[in-house]
Amino acid sequence: MAQNFRRYTKNDVGTSAQTLFTADSYDTVVGISVANITTSAVVASVYINDGSNDIYLVKNAPVPSGSALQVLDGGAKFVVQSGDALKVVSDTASSLDVWVSAVDAIST
């Protein structure tokens with residue numbers, strides 16, 4: 001069965017949480033990169049909202065100027081289900097570029 005690979009991006013993420021994507025089926029997130037595009041260190045959080053709760057993948061992680069945080073590394077993956085929203089927020093306005101790679105509609 002063929003898999004549908006997807007990518008989701010956001011530029012200039014700041015102090016208001018931004019939704020990268022909301023799952024519409026059982027999906028697998030295979031990569032998240034959060035890049036600091038400012039000249040100072042920032043603090044980033046990445047989490048899933050399941051409709052009732054925020055579940056953090058990383059919370060208040062420092063990201064040095066010009067660096068990137070790989071939220072999933074070493075081949076880690078996670079499954080989200082319909083309605084789960086992947087969100088990112090920073091402590092600094094317009095400070096992060098974010099890239100997410102996912103597999104859409106995995107078999108259940």
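No experiment lies behind these values; they were computed from the predicted model shown. (Residues numbered from 1 in each chain as written. Predicted model: local features only at pLDDT ≥ 70, side-chain atom pairs only at ≥ 80, totals over all residues. Heavy atoms only, no water.)

I'd love a proper account of the sheet that holds strand β2 (residues 18–22), names of residues and values included.
Within a sheet, adjacent strands bond to each other through the backbone by hydrogen bonds, running parallel or antiparallel. The strand order across the open sheet built from four strands is β2-β8-β4-β5, with neighbouring strands paired in antiparallel fashion. Unpaired on one side and paired on the other, β2 and β5 (54–63) mark the two borders of the sheet. Sheet twist, expressed as the mean angle between neighbouring strand axes with direction ignored, is 15°. (Pairing = 2+ DSSP bridges. Helix = DSSP H or I, 4+ residues; strand = E, 2+ residues; numbered from the N terminus. Axes fitted to C-alpha atoms, helices over the stretch in contact; angles between N-to-C directions.)

I'd like a description of the side chain of Asp27, backed by residues and values.
Mapped onto the elements of the fold, Asp27 is located in strand β3 (residues 27–36). A polar contact is formed between the side chain of Asp27 and the side chain of Ser25, at a distance of 2.7 Å. Among residues more than four places away in sequence, those in contact with Asp27 are Phe21, Phe78, Val79, Val80, Val103, Asp104, Ala105 and Ile106. (Polar contact = N/O pair within 3.5 Å; in protein donor to acceptor, adjacent residues only side chain to side chain. Contact = heavy atoms within 4.5 Å.)

Account for the pattern of salt bridges, with residues named and values stated.
Per the stated rule, a full pass over the model turns up one salt bridge. Of the charged contacts in the structure, one is a salt bridge between Asp104 and Arg6, with a shortest N-O distance of 3.9 Å. Separated by 98 residues along the polypeptide, Asp104 in strand β9 (residues 96–104) and Arg6 in strand β1 (residues 4–13) bring together distant segments of the chain. A relative accessible area of 14% places Asp104 in the buried class. (Salt bridge = Lys/Arg side-chain N within 4 Å of Asp/Glu carboxyl O. Buried < 20%, exposed > 50% of the residue type's maximum accessible area, 1.4 Å probe, protein only.)

I'd like a rundown of the nonpolar core, residues and numbers included.
Core analysis: the largest hydrophobic core is formed by 23 residues, its most contacted members being Ile32, Val34, Val46, Leu86, Leu96, Val98 and Val100. Contributing elements (two or more residues each) for this core: β2, β3, β4 (42–49), β5, β7 (78–80), β8 (85–90) and β9. Top contributing element to this core by residue count: β4, with four residues. Setting aside anything within four residues of it in sequence, one finds Leu86 in contact with Gln18, Thr19, Leu20, Phe21, Ile32, Val46, Tyr47, Ile48, Leu57 and Val100. (Core = buried A, V, L, I, M, F, W, Y, C linked by side-chain atoms within 4.5 Å.)

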